[in-house]
Amino acid sequence: MPRRGRESDEGVENPPKRHRYNLRSRARKALGEQEEGRINTLSDEELRSRSTILKPTDKPSGALKVTFVDYQTKLNRKNHHTHEFEKTGNILRRGQVFVIRVIFDREVKPEHDVIILQFTYGTRPQESKGTVIRIPLNLKPSTRSSDVTGTWFAEVQSITEKVIECGITSASDSSIGRYQFYVETNLKDNKESLRRFEEKEPCIILFNAWAKEDTVYMEKDEEREEYVLNETGRIWTSRSYFGRPWNFGQFDDPVLDVALQLLSDGGLSDVACTSPISVIRCISSLCNSCDSDGVLEGRWTSEYPEDCTVPWKWTGSVPIIREYHTNGNKPVRYGQCWVFSGLTTTICRCLGIPTRSVTNFDSAHDTDSSMTIDSHWDEDGEPIEDMNDSVWNFHVWNESWFRRLDLPEGYDGWQAHDATPQEASEGVMRCGPAPLKAIKEGHVYLCYDIPFIYAEVNGDRVQWVVKKDGTMEVSQINRFAVGSFISTKKVGSSYREDVTLMYKYPEGSEEERRVAQFVNRYSTRRKQNIYKLDTPKELDFTITPPEETMIGDDLEIKVAVKNMTKQSRIVSLTLTLVNAYYTGVSGTRVKTETFKESIGDKDEKVVRMQVNGKEYQPRMNPEGRFQLFISGKNLETGRLQSKQITFVLKKPELVIQVPKTVAVYEDTEATIVFKNTTQLVLTQAEIAVEASGLLTPNTIAISNPIKPGDEVKEMVILHPRRRYWWGREIIATFTSKEIVDIEASVEGIKVVKSTNGEDSDDD
C-alpha cells in the first residue's frame, strides 16, 4: 500500500531508514527515449564484446588446455538438495562447497602453471560490480584460496597427472540465478601464454536454507524438509482440521526457468538478487498480472468465459506455470487468493526460500488506512452492503523465513507477503514482506505494508448507523470480528497448525488492547477518538448456520438472541440472507424476514428462518456460499446492534481409489469416483487430477449431465519417474456449472523398485 506520512516519530526509537532495491529495467523504462546524457546507453552486447575477460581464447601456447569439465552433477545435486529437479544441469545452493574435476591436455605442473577459476553473473558482468568472480588456485593440495572479496573460495583436493579436482564455495550472499564458468590458464614465466575456456552450460545458484551464513537459513532439518523440499501441502479455505490439498511441484519443469525469468522480467538488479526481500517483492508483483504480464490473472465474478480455467478447478501450480510458459508468458486465466498463494509457495521454494501458505479467516480489507473496518446499517436494521469495507471469509497469503538485515534486531523469522494484493505498495500491486513480530506489536512504521496486514488480522470492526438525513453514528465496536483461525500446515503432517498468536495477542487481552491503542495513533481517523465512545453491548447473537444441509435442499437458520441488560427489551429483529462471495462481497438477496420479540432481562429468545431450496437456487453461486445479516433494534431507544456471518452448504464427496504402493516406470491404474447426492442436475462437469512424479496434470470432461443419484467413475494411469519411499500424493477436483470446489487427495503413495529390475538413475 502507499507509504503514509506521519506527524512525528514520537515513541519510536531510531526509526530505520527505508531501503529501495534497484529496479534496473523499470528505471530505464521510466526514462523512455530520454536516456542519452542521463545514463550509460552502452548495450549489454556491446559491453560484453568489449570485455576481454569474457572472451574465450585458445591460441597455441604452452599453457594448459582444458579438454573437459566434469561438474560432478549427480554428487553435487544430491549434496545441495537439488536432485529432485527435473531440469538437468548444475543446480547448486549458495554458501556450500561443490566439487568439479577439470581435465587438461597435459600433466599439471604446480611450479609452472597458473589456473584461475572465473564465474560471471548477469547481462553486464564487471569485476568492479562483483559480478565477475576470479579465484586464483593455489595448486598446493588442501590449500584454500579466494577471490578479492574473500567470500568465494576454492581448494584443490587432488592433482592426478592431467586431472585436477577442487572444491568451490560460493558466497553465502551470492546473487541467485545463472552463472557462466570459465577456466583461465597461463604460465608463471610467460604471461603471454594465456588460454581461457568457457563452459557452455551455465550453473544455477539458489538460496540455501542449509547454510548458516545465508539469510534464509533454518536450523531444524524437519522444517527445511517441509518448507523447501515438500512438493505437496494443504491450503485452508474452510474452518476444518484438514485443508485443501495442493501440488506445489517446485521441482517440475519448467518451474525453475520461469522463476528465474520472473526475476529478470521484474527488473531486479544484480545486487537485488542477493536478497530474499527484493526477490519476494518481485514475486509478489509478478505472480499476479495487475501491473504487467504476470503469471496469473485474478477474477472474482459469478460468470466466467468458456476458454479459461475457473479458480477452484486448479489442483496445483505446475499446470499454471506450464500454460504461462507455453503461451509466450501471457497471463493464465484465472486464479483467486489460494491459487496465488499456492503459486507463490511454488516459486519461492523452487528458488530455495522457505515458504508456506497461510490462511486468515475473517480477513479485513482496510480501504482508507484507518486500520479499522467499517460496516453500515440503516435505521431499520437493513445492511447497506455497498458502503462497507469488505471482510473476506478467508484470505490466503504466504510467509517466508529469513533474516531482516534492513531492520533493527528482533524482526527475523517468518515474514508475511501476499501475491493477491488489494492495495498498491510503493506504486506496484504487491504486499510485504512484513515481519510477524512487527504485525503483532503494531510497529506499523516499518517495512513493508505492515499497516494493511495489521488491519487484516487485528482491525476492530466499527458498525455505523446511517440516519435518514445521511449522518452517521457509531453503534458498536466489535474487537473480536477480524482475524481468526489463522491456519497453515503442520510440519511433517497434513493436519492444521494454528498460528493466530504469531500475528496478535489473545483477543481482549491487555497486550492486544495496548497494541490497538498504539496503532490508532497512526490511523487516518485517529482524531475521531472512536475508542472513547460509549458503545455498550445490549444484545448478543448466537447463530446456528445450516452447514450440514446438502446444497439444493431446504434449509433452516436458527438465531438465539440474548438480552445482555438487566431490563426487559422489545426488539425488532431483521434477518437478511444474501448470496455471497468468499471475498465478503454480497451478491443478490435471497430473503429478508423481520421478527418482533419481547426479551426479559438476561433472557434469550430463539428465532428461525426457513428457506426453501427453490428460493435460493436461482440466486446461488456455485460455491454454495451465503451471508446472513442480523440486526436487533431497541424499539424504545432506537439503539441498533448487529452481526453477520458466512456459511457454505454441504457438497457431495469425491473419492480417489489408488494402491498404496506403485512401481517405478510401471503403469498403475487409479480411479476417481463422484456420486451426485444432491437434488440438482449437474452439467459441464470436469475432473482435474495431478500428482508430482506420478502423473502429468490432466483434465477429464464429463459430457453427459449427472442426474441426482448418478455415479461417475474415471480412470487415470500413474507412471512414476523415480523411486520415492516417503510417499507421493494424487490430488483431484470436481467442478460443474452448478457446484464447484469439491476436492480429494490420497497421500503416502510409495514408489518402489520396478518388478522387472528397472530403477531410476538417482536412487
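Fair warning: this is a prediction, and the values are worked out from it, not measured in the lab.

Chemist: Tell me about the overall build of the protein, residues and numbers included.
Modeler: What the protein contains, in helices and strands, is 13 helices and 38 strands. What you see for the protein is a C-alpha radius of gyration of 30 Å, in line with the 27 Å of a compact globule of 763 residues. By its C-alpha atoms, the protein is 105 × 70 × 50 Å across when sized along the principal axes. Contacts in the protein between residues far apart in sequence, at least 24 positions, make up 69% of those at least 6 positions apart. On the protein, the mean spot of the 101 positive side-chain charges and the mean spot of the 116 negative ones are 2 Å from each other.

Chemist: For the state of the cysteines, give the residues involved together with the corresponding values.
Modeler: Under the criterion given, the structure shown has zero disulfides. Looking at C290, it has no disulfide partner, and the nearest cysteine sulfur is the one in C287, 11 Å off. Take C308: it sits in no disulfide, and the sulfur closest to it among the cysteines is that of C290, at 17 Å. Judged by its relative accessible area of 18%, C308 falls in the buried class.

Chemist: Please set out the pairing of strand β2 (residues 90-93) residue by residue, giving values where relevant.
Modeler: By the alternation rule, side chains of β2 split into N90 and L92 and I91 and R93, which are all buried. Sheet topology note: the β2/strand β10 (residues 190-206) ladder contains four bridges and is parallel. Bridged to I91 within β10 is I204.

Chemist: Please provide a residue-by-residue account of the side chain of S317, values included.
Modeler: In this fold, S317 is placed in the loop between β13 (296-298) and α7 (318-326). Residue classification places S317 among the buried residues on the basis of a relative accessible area of 0%. Discounting chain neighbours no more than four positions away, the residues touching S317 are W246, N247, F248, G342, L343 and T346.

Chemist: An account of the packing of helix α5 (residues 255-265) against helix α6 (residues 276-286) is requested, with residue identities and associated values reported.
Modeler: Each pair of packed helices can be summarised by the angle the axes make with each other and by the distance between the axes. Direction vectors running N to C along α5 and α6 enclose 95 degrees, while the axes themselves pass 9 Å from each other. By the criterion of interaxial angle, the relationship of α5 to α6 is roughly perpendicular. Every residue of α6 that contacts α5 at L262, L263 and D265 is listed here: V279, C282, I283 and L286. Among the residues making up the contact of α5 with α6, the classes are represented as six nonpolar, no polar and one charged.

Chemist: Residues and numbers for the confidence of the model for the protein, please.
Modeler: Taken as a whole, the protein shows an average pLDDT of 91; of its residues, 93% reach a score of 70 or greater. Low pLDDT (under 50) marks residues 1-25, which in the prediction has 60 contacts with non-local residues, meaning those over four places away or in another chain.

Chemist: Could you give an account of the sheet that holds strand β22 (residues 484-489), naming the residues involved and the relevant values?
Modeler: Two modes of strand pairing occur in sheets, parallel and antiparallel, and in both the strands are linked by backbone hydrogen bonds. In spatial order, the strands read β19-β18-β17-β15-β22-β23; together these six strands make up an open sheet with antiparallel pairing. Single-partner strands in this sheet number two, and they are β19 (431-435) and β23 (496-498). Across the sheet, the mean angle from the axis of one strand to that of its neighbour is 30 degrees, orientation sign disregarded. Pairing of β22 with β23 involves three bridges; the strand directions are antiparallel. Bridged to S487 within β23 is D498. Strand contacts of helix α10 (residues 450-458): β15 (355-364), β17 (391-402), β18 (413-418), β19 and β22, with the helix running at about 65 degrees to β15, the strand carrying the most contacts.

Chemist: Outline the nonpolar core, supporting the account with residue identities and numerical values.
Modeler: Counting 95 residues, the largest nonpolar core has W338 and L351 as its most contacted members. Sort the elements by how many residues they give to this core and helix α8 (residues 337-351) lands first, with nine residues. Apart from the residues lying within four places of it in its own chain, the contact partners of W338 are I235, T237, R244, W246, P311, W312, F394, V396 and Y582. Core analysis: the next-biggest nonpolar cluster, separate from the first, contains 59 residues, L555, F674, I706 and I742 among them.

Chemist: Quick rundown of the environment of S357? Include the residues and the values.
Modeler: Note on placement: S357 falls in strand β15. Along the backbone, S357 and G381 are 24 residues apart, and their C-alpha atoms lie at a distance of 38 Å. Non-local contacts of S357, meaning those with residues more than four positions away in its chain, are made with I235, F248, S341, G342, T345, V396, W397, N398, S487 and T488. Reaching out from S357, the side chain makes a polar contact with the side chain of S341 at a distance of 2.8 Å.

Chemist: Kindly report on α7, identifying the contributing residues and their values.
Modeler: By the burial criterion, the buried members of α7 are V318, P319, I320, I321 and Y324. Looking one or two residues past α7, G328 carries a phi angle of roughly 70 degrees, positive in sign.

Chemist: Mind laying out the environment of D368, listing which residues take part and the relevant values?
Modeler: As for its position among the elements, D368 is in the loop between β15 and β16 (372-378). Exposure remark for D368: the relative accessible area of 29% places this residue in the partly exposed category. Separated by 266 residues in sequence, D368 and V102 place their C-alpha atoms 62 Å apart.

Calculation rules
Residues numbered from 1 in each chain as written. Predicted model: local features only at pLDDT ≥ 70, side-chain atom pairs only at ≥ 80, totals over all residues. Heavy atoms only, no water. Helix = DSSP H or I, 4+ residues; strand = E, 2+ residues; numbered from the N terminus. Rg over C-alpha atoms; globule rule 2.2 N^0.38 Å. Contact = heavy atoms within 4.5 Å. Lys, Arg positive; Asp, Glu negative; His and termini not counted. Charge placed at Lys NZ, Arg CZ, Asp CG, Glu CD. Disulfide = S-S within 2.5 Å. Buried < 20%, exposed > 50% of the residue type's maximum accessible area, 1.4 Å probe, protein only. Pairing = 2+ DSSP bridges. Axes fitted to C-alpha atoms, helices over the stretch in contact; angles between N-to-C directions. Parallel < 35°, antiparallel > 145°, perpendicular 65-115°, else oblique. Nonpolar A, V, L, I, M, F, W, Y, C, P; charged D, E, K, R; others polar. pLDDT = per-residue confidence, 0-100. Core = buried A, V, L, I, M, F, W, Y, C linked by side-chain atoms within 4.5 Å. Polar contact = N/O pair within 3.5 Å; in protein donor to acceptor, adjacent residues only side chain to side chain.

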